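These are the residues of each chain, in order.
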Amino acid sequence: MYDKGTRKLYQSIFNRFNEIEDHLSANKAGTDIAKVNAAAGIAPVVVHEDTFTVTEAALRYAESSGGAFDPTIGPLVQLWNIGFNDAHVPAQQEIDYTLPLVDFRDLQLNSEQSSIYLPRLGMKLDLGAITKGYAADEAVRIAREAKSPRGVINLGGNVYAFGVKKDGSPWNIGIKDPLEEDSIVGIAEVRNKTIVTSGVYERFFEADGMRYHHILSPVDGYPARTGLLSTTIIADRSLDGDALSTAVFVLGYERGHQLIESIPGIDAIFVFEDMSIRGTAGVIESFTLTNELFRVRK
Ligand code: ADP
Ligand code: MG
């Protein structure tokens, strides 16, 4: 939704989304990611600028999160296949066999050649945790270039509220209730920021009374369980917000909070399994709780 949004503007944004998907999707044939994965253990692949930029950023976040966020998570994502009909809990043996293939430290990037190399057979890139953020940033860039003064874009978990409202007041952005569809826990006030949420509700399956969601721990190979239902990042770039919301979800509150505090200009909201909510100083003051099932904790 854009102020002064024209058909032409929407068209160019959707064209750009298609382009990004054609380069970065891990689930589509012929993309750069499919090519890099097919050439694992064989040869580096020269990739489009989009792919290189996003992979480079992903590697940086893998490093700063100590591997909680890992773009080489592909083999594990495919093993679980969460979000598809045949999702099931893998045998421990399968997890043990797959885990060694996940290691961002092996990922080789060559910026002169714009090439990416996965040195071991069976390694796979998956940029699903960061691509939507990149796409949101691109949409905002295109809208700004078209002189759109303000707007809110929503890519499902990645919201960008750009510009300032006509009366100068901040945007009110609802933070999703991780337990209830079409419900929110509260409202955050932002100006010209992106709000990105990762949570247990986005994609999951249930087996034996357990819920298995799609954010995986590269340490034990299971859906990350750190007492959190969701993590929300407020940032200037949706790429950063997307990578960090996933990273922090995997890290859990203590280490996640530490990571966020170490980066200037980034805020976070944590929703816990015990229905409490905590946030960094920059956001919690302007946060309004709207859902009485939850409570804000210092
Ligand atoms: P969503 O896709 O729901 O917006 P995320 O941004 O958190 O949520 O991305 C989740 C996706 O990222 C998964 O579907 C998978 O493709 C990938 N992924 C899962 N675990 C990790 C991880 N530890 N590091 C990097 N990517 C991950
Ligand atoms: Mg993410």
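Analysis parameters
- Residues numbered from 1 in each chain as written.
- Chains lettered and ligands numbered in written order.
- Predicted model: local features only at pLDDT ≥ 70, side-chain atom pairs only at ≥ 80, totals over all residues.
- Heavy atoms only, no water.
- Donors = N, O, S within 2.8 Å, 3.2 Å for Na, K, Ca; no water.
- Helix = DSSP H or I, 4+ residues; strand = E, 2+ residues; numbered from the N terminus.
- Buried < 20%, exposed > 50% of the residue type's maximum accessible area, 1.4 Å probe, protein only.
- Pairing = 2+ DSSP bridges.
- Expected span 1.5 Å × (residues − 1).
- Core = buried A, V, L, I, M, F, W, Y, C linked by side-chain atoms within 4.5 Å.
- Near = heavy atom within 4 Å.
- Polar contact = N/O pair within 3.5 Å; in protein donor to acceptor, adjacent residues only side chain to side chain.
- Areas by Shrake-Rupley, 256 points an atom, 1.4 Å probe, with all protein chains shown as cover.
- Contact = heavy atoms within 4.5 Å.
- Axes fitted to C-alpha atoms, helices over the stretch in contact; angles between N-to-C directions.
- Phe/Tyr/Trp six-rings, centres within 6.5 Å; stacked < 30°, edge-to-face > 60°.
- Lys NZ or Arg CZ within 6 Å of the ring centre and 35° of its normal.

**Points about the coordination of the magnesium ion (ligand 2)**
Protein coordination at the magnesium ion (ligand 2): the donors are Ala129 (O), Asp242 (O), Asp242 (OD) and Thr246 (OG1), at 2.1 to 2.4 Å from the metal. All donor residues of the magnesium ion (ligand 2) come from one chain, and their arrangement in sequence is A-x112-D-x3-T. With Ala129 in the loop between strand 3 (115-117) and helix 6 (131-145) and Asp242 in helix 7 (residues 238-251), this residue pair connects regions lying 113 residues apart in the sequence. Exposure remark for Ala129: the relative accessible area of 23% places this residue in the partly exposed category.

**Side note on the sheet that holds strand 5 (residues 158-162)**
Across the sheet, which stays open at both edges, the seven strands sit in the order 4-5-8-11-12-13-15 with mixed pairing between neighbours. The open sheet is flanked by strand 4 (151-154) and strand 15 (295-296), the only strands paired with a single partner. Two elements, strand 4 and strand 5, share four bridges in a ladder whose sense is antiparallel. Looking at the pairing, Val152 lines up with Ala161 of strand 5.

**Some remarks on helix 7**
With 14 residues, helix 7 should cover 20 Å at 1.5 Å per step; its first-to-last C-alpha distance of 19 Å lies within 8% of that length. Most of helix 7 is tucked away: 14 of the 14 residues are buried. Just past helix 7, the residue Gly252 takes up positive phi, approximately 85°.

**Digging into the pairing of strand 5**
Along any regular strand, the residues point their side chains to alternate faces of the sheet. Within strand 5, five of the five residues are buried, which leaves the element mostly enclosed by the surrounding structure. Residues of strand 5 alternate between two faces, with Asn158, Tyr160 and Phe162 on one and Val159 and Ala161 on the opposite face, all of them buried. Where strand 5 meets strand 8 (residues 193-199), four bridges bridge the pair, whose relative direction is antiparallel. Across the sheet, the residue bridging to Val159 is Ile195, located in strand 8.

**Overview of the nonpolar core**
With 79 residues, the main nonpolar core has Ile130 and Ile233 as its most contacted residues. For this core, the element with the most residues is helix 7, which contributes eight residues. In this structure, Ile73, Ala87, Leu99 and Leu216 belong to the second largest nonpolar core, which totals 12 residues.

**Considerations on the site of ligand 1**
As a matter of local geometry, ligand 1 sits amid 19 residues, with Ser198, Glu202, His214, Leu216 and Thr246 nearest to it. Contacts to ligand 1 include Asp126, whose side-chain N or O atom sits 3.0 Å from an oxygen atom. Separating an oxygen atom of ligand 1 from a backbone N or O atom of Ala129 is a distance of 3.3 Å. Within the complex, 97% of the 570 Å² of free accessible area of ligand 1 lies under protein.

**A few points about the sheet that holds strand 3**
With antiparallel pairing, the three strands of this open sheet are ordered in space as 1-3-2. With one partner strand each, in any of the chains shown, strand 1 (45-46) and strand 2 (108-110) form the two edges of the open sheet. Contacting strand 2 and strand 3, helix 3 (residues 49-64) runs over the sheet at an angle of about 135° to strand 2.

**Some points on the side chain of Ser238**
Relative to the helices and strands, Ser238 resides in helix 7. Take Ser238: its relative accessible area is 0%, and that puts it in the buried class. Leave out the neighbours within four places in its chain, and Ser238 touches Gly133, Ala136, Asp137, Asn158, Tyr160, Thr194 and Val196.

**A closer look at the packing of aromatic side chains**
Tallied over the entire structure, the rule returns seven aromatic pairs. Taken together, the ring pairs in this structure connect Trp80, Phe205, Tyr212 and Tyr222 into an aromatic cluster. Here the guanidinium or amino end of Arg211 rests over the ring plane of Phe204, the centre of that ring lying 3.8 Å away. Its guanidinium or amino end placed over the ring of Phe272, Arg297 lies 4.8 Å from that ring's centre, counting from NZ or CZ.

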